[in-house]
Structure formats: C-alpha cells, structure tokens
Amino acid sequence: MRSRVASTAVVAAVAVLAAGCVEDGAADDEEATAVEGLAGEGSGEECTIEEPVPVGVVFSLTGGAAFAGEYQREGLELAFEEINGKGGVEYELVLEDDATELEDSIAAFEKLIERDEVSIIVGPTLSDMAFSTFEDAQQAGVPVLGISTTAKGIPDIGDYVFRNSIPEEVALAQSLPAARDALGLENVAVMHDNEDEFTSSAYTTMTEVLDEEGIEIVGDETFQTADTEFRSQLTKIREDDPDALVLSALPAATVPLVQQARELGLDVPIVGGNAFNSPVMIDNLEDAAEGLIVGGAWSDALDSPGNAEFIESYTDTYDRAPDQFAAQAYTAAHMIDAAVRAGCDGNREAIKTNLGQLSELDTVLGTLSLDENGEVHHEPVVQIVEDGEFTLLDG
Amino acid sequence: MFAGYESLITTMALTGILAFSFHVVLMAGQLSLGQAGFASLGAYISTLVVPETPLFGGLSPVLVGIPVGMAVGATAAFVLGLPVMRLRGVFLAIATIAFAEVVRILMLNAEWTNGARGLRLERWVTPELAWFVLAILVYAFWRLGPSRIGRAFAAVREDEVAASSMGVDVARTRMTSFVASGAIAGLYGVLFAYFVRRIGPSDFGFSMMLDGLVVAVVGGFLVFFGPLLGSAFITMVPEVQRAAGLEAGWIHPFVTGALLLVVILLLPGGLSSIAGYLHGRLRRSPPPAPSTGPRAGNEPPELPELPAADTPVLTLNGVGKDYGGVHAVHDVDLELRAGEILGVIGPNGAGKTTLVNMISGHVAPTSGDGHVLGRKLGAAGGAHRVARAGVSRTFQHSKLFDRLSVLENTLVGTHLVSKPTFVRRLLWLPSARRDENRAVSQARRQVQRVGLADREHVPAAQLSYGDQRRLEIARALASHPSLLILDEPAAGMNRVEAAELSELIRSLAADGVTIMLIEHNVHMVLDTCTRVVVLNFGEVIASGPPQVVASDPQVIEAYLGSDETGREHV
Amino acid sequence: MLQQLANGLFAGSIYALFAIGFTLVFGILRHLNLAHAAIFTTGGFLSVDLISRQGLPIWLAFPLVMLAGGLIGLLLERIAFRPLAGRPDEHFAGLISSVAFGGMLIALVQARYGTEQQSISSEAFPNEVYTVAGVSISLAQLTTLGLALVLMLGLAWVVAATPLGRAMRAVAENARAARVLGINVERVTASTYALSSALGAMAGMLMVLNVGQGDLGMGLAIELTGFAVIILGGMGSLWGAMAAGLILGLAEALTIHHIGSSWKDVVAFGLLFAILLVRPQGLFGTIKAREV
C-alpha cells in the first residue's frame, strides 16, 4: 500500500511538473513575417496593393453591449465600403461577435490572429474585454485599434495597442468646466453605476475633475446597471438641493433616471459623459432631455471634415442617424487606410509603425493624432440638448 | 497540432471543469446552483497568495492558487450547506442562486477587490495545465461511479427514503457532494481568472451558473464523462456555426438555443447517453460492469453474526402515533424475538405501515417507547442509524432506484456491510477491488436468492411489478439484516410466486433472520408465520399463533369476514 | 419618507405581476420556467411595436400584448415542457429547455427590433405627474398599480371560481388523480402556461411604460428579484406573490434610502434566506419546501 502511494505521488509530481510549465513573463513579442502580396507600390492615393488587406473586427453584436456593437459594425462597414470604392487597396473585413462574453472575445481574437491572420484588429466593444485581448494581440505582434475602449490604461498595454476613443477623463475635463461656466455651478450631486467597470472608473475621474474645478459634491448616490427604479436615490438628492446632477451611467439606465428625476420635480441640469452621446436616447427622453449637457467625442452638429456626408450616407444606408459609436468606427477605418497607404504596406509591422505616426488626420471626429503611446488626441465636444437636438456648447 | 486553437481548447477544458462542479451535485440529485459564488471566492482569495513570477523558474504560479481556491470553495460550500441542507429541489436552487448573488455584491463593494474595475492578472494557465486538471477530474469521476460513495450518490438521487433505509447517511452524502462541488468550483475560479487575465465580480454571475448547468445537463450527469462531452459540444457549436457561414449576430444565439433544445428533448440523460446506447448496441449481451467480471462473486464477504435465537429483537410499550387528532397507531405493545416470523395483518388504514415506519426510524412515535436491536425508537439520527443497527425493510409502494440496474440496486443494499473504496480506487489498490468484489458477491447472492439472476443488468424501472417486489427484497437482504420487515411483498403475486416467497421467508428465518411480514394474503401469512398480530384502527386486537388468531371472532369480524353460515373466509 | 414608500409600492407592483406568472406555473405544475423573463422582455418590445410603430391606441395594445403572451406561453409549453413529461429528469431538463427557449426568443426579438432601447412616445401615453400630500406620482405608476391589481385579482378569481381554476387546483394537488377524474391535464397545463405568459408579457409592457424604455436585458434584472418574491410570498401562493412583491418593493426603497443602493439586493436575498430557513413555505404559502 505504501509503495503504491509513494509511486503514485511520484507519478503525480512528474505530471504536475510537465503540465505546469510556463514561460517567465510575456513571451517575446513575435515579429510576423511580412506577406509579400501585402506590400504594394506607390504611396498615398496612388498606392496599390495586390492582395486584399485582412482587417479583423470583434464587436459585441449580441448580449449586454449590443446597443453599441451594432452601431459600430454599421459605421465600420460603411467606411470600408467607401474606401474600397476608391480603388488601389482592397480591405476584407472578418467580423466576429463576442456576445459580450470575455471568453468569446478571447477566442475571437485568437481566431483572427492565428487562423485568419489578419493585419489589424478593430474592437472589442468593451474595455473589460480589451484588457485581456489586447495583451494577446500585443504578444502576438498584431496591431489593435480600440474604438470604444475608453478606460484608463488601455494604450499602456503595449506598442501594438492604439485607440481612437478619447478617454473619459478628457471628455469630462472639458464638459464639467464648460457646464460650470455656462450654468454657474457651485455644488453638484453625483450619481453613478457602481456595478459597471466603465461607469465606475468614469466616476473616479468625475470626482477628481470636480475637485480640481472647485465644485462641491453635496450628494453622492449609486445604483446598479440593471436598475430601473431611481426614485429613492433621486428623492434623497432632491433633498440635497444641488445646482446640477452629474451622471455616470449607461444609456439603458439614463432614460428612466432622467425621466424620474423630472417627475420628482428635480429640474436641475444634468451633466454626463461619453455614454450619453446617443440620439436614440435623446429621442426616448423626449422633453426630459432638454438641458442635458453631454461631453463626448463627436456630435452631429460638429463641423468636422466629412461629417455632413457621413451622416447623410449613414442615414440613407441604415435608416437611422449615426451616433458616437458609429462615428468612431467610421473614423477607425479611415485611420487604418491612412496608415496602410502611408507606407503602402498592409502587413502587421508596417501598419503598427504607420499608425503610430498618424498625425493631424482629418476625420469626422475632428483633426486627430495618435501619440507614441497609442493614445488619441482630438478636441472633445461639449453639447447641450436644445429643442430635442444636440447643439454645441461653446465653453 | 493545436497551434492557433490554444485559447479555444483551454476554454473547452475550463468549461468542462466548471461543469464537473455541477455534475457532482446533480449526481446526488441536488439542484445546487451556487457555484459561481464559490468560484468567485476561490478566485479572489487566491489572488492574495499567487506569486507574481513563476516558481522555481518554470512552474506556473497558479499551482499555488489551486489548492487555496479549492479549500476556499469547499469551506464556503460547507458553510452554505449547513443551513440549506434541509431544502430540496427548486428551493435549494433559489437559495443557492441567492447566495451566489450575495457573494457577487459583496465582492463588488469590497475595497480590496477593486470593485467593478476588477483585478488584472497574468495569464498563468496553459492549455496543458487546464487539460491536465480536467483529466484528473475525469479520472476521479470514473473511479467514483462504481465505488461505495458513488453508489450512495446515485441512491440519494433516485430515492432518498429508500437510500436511508439501506443505511446511507443522506445528509452526509448530500453535504459531501456539496463540498466537492465547492472545491471544484473554487478550482475553476482560480484557473478562469488566470486564464482571462482578470477578475471582476460580474464574471461570476447568473450567466456563469447557467453556462455550467447547461453544459452539465446537456453532457449528462449519469455518466462520468458527461461534462467533457457537454463542454466539447458547447464550445464547438459557435465554431461550427461560423464554419457554416452563419453571420455574426442574433442568428448565433438562436441556433445555439435550438440545438440545445433538440439535444435535451431527444436525449434524456444528455449526450453521454449516446455513448451508453452505442455501447449497448455493439455488444450482444449486456456488458459486465468493471468490478463484476466473471471472477467476481467468488469471494465471500465478511459478515457479522446474527443474533442468537430467542434474543429480544424488538420491544414496543404503548407505542402510538398521532397525526393531529387522528390516532394512526394507538397503545401498541409488541415483542419480537430472534428467529420468529411475525405476521401483521389488518384492514387498510389499520396503521400497519405507520407502525413499520416507526420501527424503521422513518417516523417518530408520539407516545410510548420502544427498542429495536438496542436502539431507542424516535432517537435522533434518522432511518440510516436504525438500518445500521440491523433493520432492513421493503416498502408498500416499491421504492426502487429506477435508473439503476437490478444488481446496482442490490449493491446499494450492501452499503452497511462493505467498506468505502473511493480513495483506494483512485490509487488502483488491489484491496479496493477485493472489497468491491465482496460487495458484488453479497449482492449477487441475494439476487440469485430471489430469482432475478438472469436479469442482473436490467434497469429497475423496466422490471415487471412482481420482479420489482422481488428486487426490493433482494436489496433489503443485501445489508445482512437481523430484522427484516416486509411490507406487503406478495402484492400482485400469484399463488405460485407467493408460495416461493413463503419458502424464501422460511429459509431466511432458518438462517437466523427475524422477519416481520405485513400482508393481505392471509393464506400466506397463516402458512409462513410463527406468530400473528392483528391491527385494527391502530390497535392490536389479537396476537398469537396463526390458527388461534384466525379463529378469533373479533378478528373475523374486523378483517377476515364470514358468511351467514359463520364459517370464516380464509 | 412618504415619497420613498410610494416609490417602493409602485415598483413592487411590477415585481408582483412578474412573480405571479412565475409562481402560477410552479404552484400548479412544479416547473421552474426560466423563459418567463424572456417573455417579459418580449411583451415590452411588442408593446412598443404596437403603440409607437403601428400607432395603436394604448387601451387596444394591452389586450393584444396579453394575447401574444398567451400564445407564446402555449408554444413554450408545447415545445419545451410537454415532451419532457414523465421523464425521470423532467425537472432538470425543463430548466435547460426553458433557458434554450428563452434564448431563442430574445434572439428573435433582437432580429426584429435591433439592439437599441425602445420606448413609447409620450403622445401615446402622457407623462403626467400628480402631487398628493407632497408625494409625486406619475400616471404611468398609477396605471401600473391599477392594472396589476386588476390582473392579479382577476387571476385569483379565475383560480378560485371558474371550472378551469378548479381543474388547475386539482392538477396541482394530484395530477394523476385529476386525470382519472376526467380532467384534461394537458389542456390545464397549456392554459396555465398561457395565463402565466400573458401576465408576464403584460408586466413587460407595464415596465416599459413605467421606465420609459425597454432593452434586451430587462428580463434578467427582474428575474432574480422575481425569485426572491416567490420564495418570500410562498411558492404557489398568488396572494403571497402579490404581497411579497409589494413588501420587497418597499424594503428595497427603504434600503436605498437608509443604507445605499448596492445593498438592496443583499436585503432581498437576506430576506429570502431567512424565510427559507425559518418558514420555508413563505409568508403565505402552503406547499411544503421539503419534498420528502
């Protein structure tokens, strides 16, 4: 018996050693071998590349984040259709749905990187997924372009990681002072969804910015992502009597929250970040949307190059107005195209190098650059809802 | 070979591991659904101990986290299990779901977990490690099935009351499956976290529970490799859909749902039942189970001595059972000695079965006291303690383990006379095989005794009514009882069968087993028993040798009946 | 304070309406129908479709949504539960088949309506707010409470006073005996699901009315609260579900007010736990929690 236990123990130990080996730290970043057919001749508008450049796309087309994913897909597909129409370079999209599930996102990235061998990946929709999948892409040497991943720290993951969605800090750093100047705010109440990664990190930023601007926080309430009843919290805030309500929430919660606030007689201005920037939401809110102040990356009122055409073309194709998600996706396509044409090379390394050097590009988001960290820079917009429409607030 | 599919196959292995944590409780028939909570606790707490760099230069740091995660999960399951132990079915399900939700909210609001933003981790889980762990689980469950505790799980799943009457400690068995589930879930949590590179409380929510449950049920919880099949199925369905060219979007969840529905509707027992079906088709005769090969059945079991003749086996003094005003049993005095065959007769509703339930420990008396084989009636502990004292019984309405075979049913009966074998089976120790063979030989003997030897492998649900009664007797005999209580065993039997049963009973008594026989077949009772007791309206109205009782006028009036000529109908 | 109580009461009425469909199926048939949440969501989206897109008046939309819900319930019973009747794994398999059905339903809803949040315009249903004793109450809330009460009382009447209701109670007690007595158990089962789903769909519509919009995830949130309600009120007890829904709504409002929103679910589940341990049949229930 004892010898049997002993020998089993030895076998087990050997097996564990065999199965448990890992490499220390991150594997050496692979340098993908360049594909010949993806390197072309000429440059810029004259560039021609023989083979179609494969572009991988991972969005949340079903599940909790689908409200964003669909817009993203539409914006991206629209842009690439236009770009393919120009000729010289053809882009082939490989689209995957990660169903708002982390494991699916990882699997989708693996498929695109290893089996489909794409040159670049756009997405995923949620920062949550990005933190894991971007690591994989970084280690595999595949450039990634996040278009809605606004959480702190994303570009720091590595030199293959880029994003074109301005982080919440930047949007808020613009909208809060603008609101304060326009409305003369001295104290505010803050409400945020503390169950969601995005909104709770935005909340941290909000409180920091409010502090810097010298605005006092007189009420601080939380709620959960799936909540639809906010009257209890709003009643408390009503008692705190703030000058404005600063909100960090996803669109699903925003509509009932704003409506209930108005019903309870809480008529103060409401200020929000990226997640508010949705025409559908404004429509659903109807009158209650009046006076909403929204900071974000894009506005349909923005006089940026190509914006009017983009809005018209999108509305024609999809029977609805685009939102910020669509605009950022649309821009991403143009950024990729610019990078590919700059070196006239659709290989991973080339795209990575050229994206990193993208500077002063004219897009529907405005004039845009990527810094050496992969972070985006462009003017954020501050909007106020007037007569049911987004108008720019000059602050 | 798997280059480019590593994440996919790791996910497949991890899903299988999660499914095993459901499999182990479903095996025992419990709908315990708190695994997401155990996984969450296991994952978060393991982050406190897992080092940042590989051990000894090459070993995955997760190896430190695994035992911690398992211990945390097991402990949490134990703590949760104590209060919810008495819940069953949907109530247990909801209570455990509620627990998982509470854990999620606590983790969300705790400081050290970083709340909704979660924790970032390195990927320390390789496909090899994940599959290694899964392989160990598959191995363990393979060895579990034919072991004593594996049978106990199955028995508790099929019929708790019958299981406890065969000496299985139902509460402890359920708790064991609970704790095992917690350990495996904790293990999953750790591996999951160090694969996806992060933990956030929202990862361990309702949808994780649904995923695990679906995989476990679809794969099948009656066979040890069910979770493996289920996980392969669930992981491959999206890939297959992609390969078939289905566009990304709503079509995928629709098709997945449809496939699930089809599998569940067509395959009772899940995907693993296909394997059983194929196995059955490929062989002409039913296969012997691993430990029941041709050689098994020769080794004699070590059985304790039965009480010597005339030793008091059962004493009842004024025992009664009231159900809120209804006297089911009233003031019954009874004495039974070793070697006797006592018949208990009386009209329906006379309280016979209630009396038996009190003796076997399923119901406590409300008045009076009694002892059976040294154990006080109504003492704490339940029916399995009484069984351990040497009492065995059959039921008025057959309580068989429907999905188990004749032999397997009887094997459960050997619970009290066989030794635990699971741990030794893991190590393939020969002594485990010997003990299993002993149990099988004991079971086989009883099966032969009741005449079911040629139907050893038939599932109990497929037997004829008469055979089912006989199987119950075989099972009851397998525990080598000192006192065997038979509750209407001859119901549905014809004259010939009843005579055979009579013969069997007499031979058992000759071997030293004390028998208490409740029957409506008065002829058989008078033929077989050494003494008869008559109950009417919960009271004893006659007691004595069979012929004396049969001619007692009170008995005739109450039960036997007479025509105008005054002759009794017997 | 009064406002908080009012808030809780109105919120509770939707919980109650959702739970009552749930508990009906469990009480009569012992099935846990995990597709109920999906039917709830479908009801919400259908109501938007009928009112905002087809332009139907709201009083017409109510019965139509209920009818649709009922039809879906019949389909659900036929596809996901009836084929399993009598099988030894009936209860476990029923969970999975109802989950699968629910998933398919949501996928179809997404296919038809897309992924955006939907809402009913204020032309169709006015956004009136009344103030009584310092408490603000919206027309939507009043409508919800009113309709919920009417429906719940209606259901209670059906169960207590109609032949169908008697048949349902018979089946709940002992399906085999009911069949022997000539009750068409299949029809009773189908009717139970139809009723339950009609109520669930209606609850979805009222939710959209109240909240201002519906989205694909609305079912998940209410499902868990629904569990708490039916346990608290007692599985199978209609009055229990009603009372527990309102009680839970109140408890949540008070928790948010005094402690904080994150803990409201903990309070709900804490109550659930306590009830399960102390009085498993719930406040009003009669079904034994231990099926020994």
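Residues numbered from 1 in each chain as written. Chains lettered and ligands numbered in written order. Predicted model: local features only at pLDDT ≥ 70, side-chain atom pairs only at ≥ 80, totals over all residues. Heavy atoms only, no water.

## Focus: the overall build of chain C
Helix and strand content of chain C: 11 helices and 2 strands. Secondary structure elements in chain C, listed N-terminal to C-terminal, are α-α-α-α-β-β-α-α-α-α-α-α-α. For 292 residues, the compact-globule formula gives about 19 Å, and the C-alpha radius of gyration of chain C, at 19 Å, lands near that figure. Principal-axis analysis of the C-alpha atoms gives chain C an extent of 55 × 45 × 35 Å. The buried share of chain C, reckoned over its 292 residues, is 63%. The contacts in chain C between residues at least 6 apart in sequence include a share of 76% that link residues at least 24 apart. For chain C, the exposed area adds up to about 10600 Å²; of that, 66% sits on carbon and sulfur atoms. Side-chain charges of chain C comprise 15 positive and 14 negative groups, with the mean position of each set lying 13 Å from the other. (Helix = DSSP H or I, 4+ residues; strand = E, 2+ residues; numbered from the N terminus. Rg over C-alpha atoms; globule rule 2.2 N^0.38 Å. Buried < 20%, exposed > 50% of the residue type's maximum accessible area, 1.4 Å probe, protein only. Contact = heavy atoms within 4.5 Å. Areas by Shrake-Rupley, 256 points an atom, 1.4 Å probe, with all protein chains shown as cover. Lys, Arg positive; Asp, Glu negative; His and termini not counted. Charge placed at Lys NZ, Arg CZ, Asp CG, Glu CD.)

## Topic: the interface of chain B and chain A
The partner chain A presents 41 residues to the 43 residues of chain B that form the contact. Here chain B and chain A share an interface that buries about 3700 Å² over both sides, 57% of which is from carbon and sulfur atoms. The tally of links from chain B across to chain A stands at 8 salt bridges. With its nearest N and O atoms 3.0 Å apart, the salt bridge here joins Arg120 of chain B to Glu197 of chain A. (Buried area = accessible area lost by both parts, 1.4 Å probe. Salt bridge = Lys/Arg side-chain N within 4 Å of Asp/Glu carboxyl O.)

## Remarks on the interface of chain B and chain C
With 44 residues of chain B at the interface, the matching set in chain C holds 43 residues. Buried surface at the junction of chain B and chain C, summed over both partners, amounts to about 4000 Å²; 83% is from carbon and sulfur atoms. Across the chain B-chain C interface, the total number found is 0 salt bridges. Among the elements that take part in the side of chain B that touches chain C, helix H4 (residues 89-109) of chain B stands out by supplying 13 residues, more than any other. Among the residues forming the side of chain B that touches chain C, the class breakdown is 34 nonpolar, 6 polar and 4 charged. (Nonpolar A, V, L, I, M, F, W, Y, C, P; charged D, E, K, R; others polar.)

## A word on helix H10 (residues 226-243) of chain B
Residues and elements named next belong to chain B. Here H10 contains 18 residues, and its C-alpha end-to-end distance of 25 Å stays within 8% of the 26 Å for a straight helix at 1.5 Å per residue. For H10, every residue scored as buried is listed here: Gly226, Pro227, Gly230, Ser231, Thr235, Val237, Glu239 and Gln241. Just past H10, the residue Gly245 takes up positive phi, approximately 85°. (Expected span 1.5 Å × (residues − 1).)

## Considerations on the nonpolar core
In this structure, Ile17, Leu191, Tyr194 and Leu213 of chain B together with Leu17 and Phe227 of chain C are the most contacted members of the largest nonpolar core, which totals 180 residues. Excluding anything up to four places from it in sequence, Leu191 of chain B contacts Leu14, Ile17, Val62, Ile66, Val125 and Val133 of chain B. Among the nonpolar cores identified, the runner-up in size contains 55 residues, and Val57, Leu365, Leu368 and Leu370 of chain A belong to it. (Core = buried A, V, L, I, M, F, W, Y, C linked by side-chain atoms within 4.5 Å.)

## Quick look at the pairing of strand S10 (residues 293-296) of chain A
Residue and element names in this part refer to chain A. Here S10 shows no split at all, with Ile293 and Gly295 on one side and Val294 and Gly296 on the other all buried. Examined bridge by bridge, strand S9 (residues 270-272) and S10 share 2 bridges and lie parallel to one another. Bridge pairing in S10 places Val271 opposite Ile293. In this fold, the crossover linking S9 to S10 by way of helix H9 (residues 279-285) has right-handed handedness. Here 4 bridges tie S10 to strand S14 (residues 381-386), and the two strands are oriented antiparallel to one another. (Pairing = 2+ DSSP bridges. Right-handed = clockwise from strand over helix to strand, strands pointing away.)

## A few points about the domain arrangement of chain A
All names here are of chain A. In terms of domain boundaries, chain A breaks down into domain 1 (36-166 + 304-379) and domain 2 (169-296). Put simply, the middle of domain 1 and the middle of domain 2, counted by C-alpha atoms, are 30 Å apart. Contacts between the two partners involve 11 residues from domain 1, matched on the other side by 13 residues from domain 2. Both sides together, the interface formed by domain 1 and domain 2 hides about 1100 Å², and carbon and sulfur atoms give 50% of it. Ranking the residues of domain 1 by area buried against domain 2 places Lys152, Ile166 and Gln324 at the top, with a combined share of 43%. Summed over the shared surface of domain 1 and domain 2, the number is 1 residue pair in polar contact (both at pLDDT 80 or more). Of all the secondary-structure elements, those providing two or more residues to the side of domain 1 that touches domain 2 are helix H2 (66-86) and helix H4 (127-140). Considered class by class, the residues forming the side of domain 1 that touches domain 2 number 5 nonpolar, 2 polar and 4 charged. (Domains from an automatic or database assignment. Polar contact = N/O pair within 3.5 Å; in protein donor to acceptor, adjacent residues only side chain to side chain.)

## Focus: the pairing of strand S2 (residues 91-97) of chain A
Pairing geometry for strand S1 (residues 53-59) of chain A and S2 of chain A, over 7 bridges, is parallel. Bridge assignment links Val57 of chain A to a residue of S2 of chain A, and that residue is Leu95 of chain A.

## Regarding the sheet that holds strand S12 (residues 366-370) of chain A
Residue and element names in this part refer to chain A. Pairing in this open sheet of 3 strands is antiparallel, and the strands run S11-S12-S13 from one edge to the other. Each edge of the open sheet is held by one strand with a lone partner, namely strand S11 (361-363) and strand S13 (376-377). Bridge analysis of S11 against S12 gives 3 bridges, and the strand direction is antiparallel. Bridging from a neighbouring strand, Asp362 pairs with Thr367 of S12. Across the face of the sheet, helix H11 (residues 324-343) comes into contact with S11 and S12 while running at roughly 150° to S11. (Axes fitted to C-alpha atoms, helices over the stretch in contact; angles between N-to-C directions.)

## Quick look at the sheet that holds S9 of chain A
Residues and elements named next belong to chain A. Spatial strand order, S7-S6-S8-S9-S10-S14-S15: 7 strands in an open sheet with mixed pairing. The sheet terminates laterally at strand S7 (216-223) and strand S15 (389-392), the two strands that pair on one side only. The mean inter-strand angle of the sheet, taken between neighbouring strand axes irrespective of direction, is 25°. Across 5 bridges, the pairing between strand S6 (residues 187-193) and strand S8 (residues 244-248) is parallel. The residue of S8 that forms the bridge with Val190 is Val246. Lying over the sheet, helix H5 (residues 168-183) contacts S8, S9, S10 and S14, oriented at roughly 150° with respect to S10.

## As for a negative patch on the surface
Taken together, the side chains of Asp283, Asp287, Glu290, Asp300, Glu386, Asp387 and Glu389 of chain A make up a negatively charged region of the molecular surface. In this structure, Glu386 of chain A sits in strand S14. (Patch = residues over 30% accessible without salt bridge, like charges linked within 9 Å, V, L, I, M, F, W, Y side chains within 5 Å.)

## Brief notes about the state of the cysteines
All names here are of chain A. According to the stated counting rule, one finds 1 disulfide over all chains in the structure shown. The disulfide partner of Cys47 is Cys344, and the S-S distance across this bridge is 2.0 Å. Between Cys47 and Cys344, the S-S dihedral sits near 90°, and the bridge is therefore right-handed. In this pair, Cys47 sits in the loop between helix H1 (2-19) and S1 while Cys344 sits in the loop between H11 and helix H12 (348-356), placing the two residues 297 residues apart along the sequence. (Disulfide = S-S within 2.5 Å.)

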